[in-house]
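Understanding the architecture of this molecule
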Amino acid sequence: MDAATIEQTGMFYLGRRHDLDADQTLPAPVLYDAADLTTHAAIIGMTGSGKTGLGISLIEEAALDRVPVLAIDPKGDLANLLLTFPNLAPTDFEPWVNPAEAEQKGRSVDEHAAAVAEMWRSGLDAWDQQPDRIQRLRDAADVALYTPGSDAATPVALLRDFAAPPADAGADARREHVEALISGLLSLVGVEADPLQSPEHVFLAHVLESAWNDGRTPSLADLILALQTPPMSHIGVLEVDTFFPVRQRQSLAMRLNGLLASPSFAAWAQGEPLDVGSMLYADGGRPRVSVFSIAHLDDDARMFFVTRLLGDLIAWMRRQSGTSSLRALLYMDEVMGFLPPVSAPPSKTLFLTLLKQARAFGLGVVVSTQNPVDLDYKALSNCGTWLVGRLQTEQDKARLLDGLEGAAGGALDRDATDATLSRLGKRVFLLHNVHEPEPTVFHTRWAMSYLAGPLTRQQLRRLAPAPAGSHADPAPQAPAPPPTPSNGFVDTRPPAPAGLDELTLAPSPDADADHVVYVPMLLGQADVHYRRSRPPVDHTTTVHLLAPADAPDWSGAIERPAAHAAATPDGAHYALVPASLHDDADGLDHALERWIKRERTVTVLTSKTHRLTSQPGESEDTFRGRLTHAAREARDAEKAKVRERYASRMKRLEDRMARAEAAVERERGQAGQRKLETAIEVGSALLGAFLGGRSTSRTISSARQAARGAGRARKESGDVDRAQRRLDDLRQEYADLDAELTNELDALDLRAAEPEPLEPTEIKPSDVSVKSVHLAWVPHTRDGDALTPAL
């Protein structure tokens, strides 16, 4: 293929056509018109379908075409966009390859890096992409990495203040900006609020509007003070105390004050301001790909950030002139929970606004998800492009087909599309574009970025640039000597190791506050994936592990339920941070990953009879309950087969018995008739002889005839007996066959009721994604020298 073919301006090289019948990728490239993204797109595919690689390739093509991108990354994969190596040298890959994977393959890290570099070179070459294309990608756009709520990369200042949108934004943008600000803030403190009816939302919106009208930029502290001393006397026609009573305002003020007082507040108040314009374009107007990594945040914090970003993006969008070309791209990976079909989180309204209105401003929106059932139907129908990979369930496929029909305006061959979706393989997608006459099946191209998988915080720190005066990590310094403890504890919280985020865990309600002290421990969160073909296991679980801080290799880690962060009370006492933790803080993520892979093996049970395998963490009792149900199903199916097998034989016997019963009745009728005729003949002969009205010869003849009739009567009686015996024999044969059937059915019942010996299999994690590692200040109850966790 001519390299110029894939480098056409305004055309995104996504891959090559794929022949499903031959299961073969064809030479013809698949080029996607960038302008078509203004009608938005949805990428849908189960885990392992190649969805992430396709999304990264799409962003690469946008960057090559100098289209700026805002990329929201809930999983940690999109930071791979910074891993572009034009030289494709092993030393480029070496810091990013997984040491555990190298160990599994029996290689050193250097050897594994060389193998990965060669694999990437070969993969790119097979897809007609030379190293100079990677260099052009790097030259075309700046890539920035942001970590809201953390200083792992560039933090985003979302709680420093609440600035008004530019004056030229217009009334709609101002209203939407207020709604996004307040909805996001309330979601951060766990308050679900309706912008039109919730007193919390309406009150704070009035406070913001009042401050902006006065030319002030309020801070979070200003909002808290306004809750205590409202700057207005009425909201609508109601007095403030009637509309939003003092007690409820005080409760909200305490929540917001807890946020302001928490150690995590600083991470939300520092860093670059949320300025969509500067995040789309670097100095000199150079387009930028801004990756917002939010994998480290909890659900409320993620909603807070996404809501703020979308609200600011809409305000920016409304200030732009109309265009039919692609001006910018918003990409969100794993949008589940932010655009749901039933509930209405703060992000949903903003997403729907973008999907309905962004086209006029040249802003394309691309959302990615594993399951179409996780997306609002109106959102799906507003996407003009669908990139569909392998799906997990028939329900997913049915939902997707419904959405495609809506997007296509009824011009969709549902049966043909259904058949196509059922045959898609790994990295093979169906491209349905309303701007094209028919769908296209294609194989995704090789990504230019090295797909290292989700990156840890330490890796994000390594990727983040270090501009002057920024948050970047300073030169390593020896930790300050700890204060001398009194009775082993100090009154001021000791400093944490550089780069290690902190949080304080809430004590249990029944803990004696006068005897609670805070001990530093390690709190790690990771997604652990277990996969195996035989026995078949595909299971992901999230673990929360708590380990002593003096064993940074995670020895002694135990699993705990998800912990709730809290503010440290005044006058708290703290144990010192072990010196060993200061020395090993940088390697905690990798140490945790290695420890989980080594120690978090699970044992699954396999039933050969039913070909079922227990899930990791499923108890034997629960699994046997599933087996009991499976045994019943199998038993019922076997019984149906047995009954079917016996049915024809029993039907034949029933037919024969019916005929035999008819024969018995017939023979009995004939025998009865013969007996009557014989009796008449005998009686007539005797009467003639008695009366003497006949000659002797005739009397003798009548007697002989009567005797012959009696003989025939005896024969008829014998025929009845023989017919009855045949009937009895058939009845016995039927009873024997029925007993045989019953015995087989009883045997099936006994077999189904027998406890089956199960085969245990130990399975190691196939993949571990460390989400976060914190220095956790864990409350303990002190009783003399003894410390007991008070969680």
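Residues numbered from 1 in each chain as written. Predicted model: local features only at pLDDT ≥ 70, side-chain atom pairs only at ≥ 80, totals over all residues. Heavy atoms only, no water.

Looking now at the overall build of the protein. A count of helical and extended segments in the protein gives 22 helices and 24 strands. Split into buried and exposed, the 791 residues of the protein put 48% on the buried side. Relative to all contacts within the protein whose residues are 6 or more apart in sequence, the contacts with residues 24 or more apart total 75%. Only carbon and sulfur atoms are counted for the fraction: they give 49% of the accessible area of the protein, which is about 37,700 Å². (Helix = DSSP H or I, 4+ residues; strand = E, 2+ residues; numbered from the N terminus. Buried < 20%, exposed > 50% of the residue type's maximum accessible area, 1.4 Å probe, protein only. Contact = heavy atoms within 4.5 Å. Areas by Shrake-Rupley, 256 points an atom, 1.4 Å probe, with all protein chains shown as cover.)

Here the focus is the packing of helix α6 (residues 171–188) against helix α13 (residues 299–318). For the pair α6 and α13, interaxial distance at closest approach is 8 Å and the crossing angle is 170°. If you check the angle between α6 and α13, you find them roughly antiparallel. Contacts from D172, A173, E176, H177, A180, L181, S183, G184, L185, S187 and L188 in α6 reach D300, A301, M303, F304, T307, R308, G311, D312, I314, A315 and R318 in α13. (Axes fitted to C-alpha atoms, helices over the stretch in contact; angles between N-to-C directions. Parallel < 35°, antiparallel > 145°, perpendicular 65-115°, else oblique.)

Counting residues in each nonpolar core, the largest one holds 92 residues, and the members touching the most others are L70, L159, F203, V306, L330, F351 and L354. Looking at this core element by element, the count peaks at 11 residues for α13. Those residues in contact with L159 that lie beyond four places of it in its chain are L185, L188, L259, F265, W268, A269 and F304. Formed by 59 residues, the second largest nonpolar core is a distinct cluster that contains F12, L37, V116 and A464. (Core = buried A, V, L, I, M, F, W, Y, C linked by side-chain atoms within 4.5 Å.)

Before going further, it helps to examine helix α14 (residues 346–357). With 12 residues, α14 extends 18 Å from end C-alpha to end C-alpha; this agrees with the ideal 16 Å at 1.5 Å per step. Three or more residues of α14 are buried, namely S347, K348, L350, F351, L352, T353, L354 and L355. Buried positions along α14 lie against α6, α13, β11 (328–332), β12 (363–369) and α15 (377–381). (Expected span 1.5 Å × (residues − 1).)

Let us look at the packing of helix α7 (residues 199–213) against helix α8 (residues 220–228). Orientation of α7 relative to α8, taken along the N-to-C sense of each, is 115°, at an axis distance of 11 Å. The handedness of the crossing between α7 and α8 is right-handed. Packed against α7, whose contacting residues are F203, L204 and V207, the element α8 presents L223, A226 and L227 at the interface. The residue inventory of the contact of α7 with α8, partitioned by class, reads 6 nonpolar, no polar and no charged. (Left-handed = near helix turned anticlockwise from the far one by under 90°. Nonpolar A, V, L, I, M, F, W, Y, C, P; charged D, E, K, R; others polar.)

The next thing to look at is the pattern of salt bridges. Within the structure shown, the criterion is met by 29 salt bridges. We note a salt bridge from E599 to R598, for which the minimum N-O separation is 3.2 Å. For R598, a relative accessible area of 49% translates into the label partly exposed. Residues joined by salt bridges that share partners form a network here, namely E7, E60, E61, R133, R136 and R445. (Salt bridge = Lys/Arg side-chain N within 4 Å of Asp/Glu carboxyl O.)

With antiparallel pairing, 3 strands are arranged side by side in an open sheet as β21-β20-β22. If you trace the sheet from one side to the other, it starts and ends with β21 (612–613) and β22 (759–763), each paired once. In this sheet, β22 lies alongside strand β20 (residues 602–607) in antiparallel orientation, the contact comprising 5 bridges. By the bridge assignment, L605 is partnered in β22 with P760. (Pairing = 2+ DSSP bridges.)

What follows concerns the sheet that holds β12. Strand order in the open sheet made by the 11 strands is β2-β1-β15-β14-β13-β3-β12-β11-β4-β10-β5, with mixed pairing throughout. The sheet is open, and its two edges are formed by β2 (24–33) and β5 (142–146), each paired on a single side. Sheet twist, expressed as the average angle between the axes of neighbouring strands with direction ignored, equals 25°. Strand direction decides the pairing type here: β5 and strand β10 (residues 288–293), joined by 5 bridges, are parallel. Following the sheet pairing, D142 is matched in β10 by R288.

How two aromatic rings sit relative to each other is set out by the distance from centre to centre and by the angle between their planes. Under the definition given, this model contains 11 aromatic pairs. Ring geometry for W120 versus W446: centroids 5.0 Å apart, planes at 75°, classification edge-to-face. Placement of the pair is W120 in helix α4 (residues 109–126) and W446 in the loop between β15 (440–444) and α18 (457–463), with a sequence separation of 326 residues. Look at W120 and you get buried, because its relative accessible area is 7%. Look at W446 and you get buried, because its relative accessible area is 17%. Look at Y574 and W777: their rings are 5.3 Å apart centre to centre, the planes differ by 80°, and that puts the pair in the edge-to-face class. (Phe/Tyr/Trp six-rings, centres within 6.5 Å; stacked < 30°, edge-to-face > 60°.)

Here the residue pair R534 and P535 is connected by a cis peptide bond, since its omega of -10° sits within 30 degrees of zero. On the secondary structure map, P535 appears in the loop between β17 (516–532) and β18 (537–548). With phi around 60°, R66 is a residue other than glycine that occupies positive phi space. With respect to the element layout, R66 can be found in the loop between α1 (51–64) and β4 (69–73). Despite not being glycine, R611 shows a phi value in the positive range, around 55°. With respect to the element layout, R611 can be found in the loop between β20 and β21.

With that settled, consider a negative patch on the surface. Taken together, the side chains of D728, D729, E733, D736 and E740 define an acidic patch exposed on the protein surface. By relative accessible area, which is 45% here, D736 ends up partly exposed. (Patch = residues over 30% accessible without salt bridge, like charges linked within 9 Å, V, L, I, M, F, W, Y side chains within 5 Å. Lys, Arg positive; Asp, Glu negative; His and termini not counted. Charge placed at Lys NZ, Arg CZ, Asp CG, Glu CD.)

With that out of the way, let us pick up the confidence of the model for the protein. Taken residue by residue, the protein gives an average pLDDT of 82. The fraction at 70 or more is 85%. Segment residues 466–486: pLDDT under 50, and 14 contacts once partners within four positions in sequence are set aside and those in other chains are kept. (pLDDT = per-residue confidence, 0-100.)

With that settled, consider helix α5 (residues 131–140). Because each turn of an α-helix spans 3.6 residues, side chains separated by three or four positions end up pointing in the same direction. Taken residue by residue, α5 has R133, I134, L137 and A140 as its buried positions. All buried residues of α5 lie within an arc of 125° about the axis, which places them on one face of the element. Buried residues along α5 sit in contact with β1 (11–19), α1 and α4. (Arc of directions from axis to C-beta.)

Along the chain, the position of A452 falls in the loop between β15 and α18. In this structure A452 touches N80, L83 and W96, once residues within four positions along its chain are discounted.

Our focus in this paragraph is the environment of L196. If you trace the backbone, L196 turns up in the loop between α6 and α7. Distance from L196 to E179, taken between C-alpha atoms, is 9.6 Å for residues 17 residues apart in sequence.

The next point concerns the side chain of K597. Tracing the sequence through the fold places K597 in helix α20 (residues 588–599). Among the residues examined, K597 registers a relative accessible area of 13% and is labelled buried. The contact partners of K597, leaving out residues within four places of it in the chain, are N98, A100, Q104, K764, P765 and V768.

For the rest of this paragraph, the subject is the side chain of D77. Relative to the helices and strands, D77 is located in the loop between β4 and α2 (90–93). Beyond its immediate sequence surroundings of up to four residues, D77 is in contact with T52, I56, G453 and P454.

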